[in-house]
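Topology and contacts: notes
Spelled out, the chains give:
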Amino acid sequence: MQSHYVCSECGYTSKLAGTCQSDTCIRQGTRLSECHCEDNEHDMILKSQVPEDGENIAQQEKEAAKNGYSTNTIDLDTL
């Protein structure tokens, strides 16, 4: 696969250098990173979705609910 450009947050992909165009991405308008992967996984670009301790996010949400914590995200820009 020839080089392509990827958003490190949402995975938006483009054949041309430029900025993230995804309307739902928090990095919309920021420069895309050049990627040369051949498996279309973009492992070197995309942020890891697994916490450093190896526990997956679904497990963290279950633990939070069990302990009475909210797993909702608050958008501070709308307050």
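Before any of the text, the structure's been laid out above.
1. Quick word on the environment of C7
The topology assignment puts C7 in the loop between strand 1 (4-6) and strand 2 (13-14). Spatially, the C-alpha atom of C7 lies 9.0 Å from that of E34, the residues being 27 residues apart in sequence. Setting aside anything within four residues of it in sequence, one finds C7 in contact with Y12, C20, C25, R27, L32, I45 and L46.

2. Notes on the sheet that holds strand 1
Strand order in this open sheet of three strands is 2-1-3, and the pairing throughout is antiparallel. Edge positions in the open sheet fall to strand 2 and strand 3 (33-35), since each of these has one partner strand only. Here strand 1 pairs with strand 2 via two bridges, running antiparallel. Looking at the pairing, V6 lines up with T13 of strand 2.

3. Remarks on unusual backbone geometry
Its identity is not glycine, yet N40 carries a phi of approximately 60°, on the positive side. Within the secondary structure, N40 sits in the loop between strand 3 and helix 1 (57-66). N40 gets classed as partly exposed once you look at its relative accessible area, which sits at 46%.

4. Focus: the side chain of S8
Looking at the element boundaries, S8 is found in the loop between strand 1 and strand 2. With a relative accessible area of 10%, S8 lands in the buried category. Reaching out from S8, the side chain makes a polar contact with the side chain of R27 at a distance of 2.4 Å.

Thresholds, definitions, all that
- Residues numbered from 1 in each chain as written.
- Predicted model: local features only at pLDDT ≥ 70, side-chain atom pairs only at ≥ 80, totals over all residues.
- Heavy atoms only, no water.
- Helix = DSSP H or I, 4+ residues; strand = E, 2+ residues; numbered from the N terminus.
- Contact = heavy atoms within 4.5 Å.
- Pairing = 2+ DSSP bridges.
- Buried < 20%, exposed > 50% of the residue type's maximum accessible area, 1.4 Å probe, protein only.
- Polar contact = N/O pair within 3.5 Å; in protein donor to acceptor, adjacent residues only side chain to side chain.

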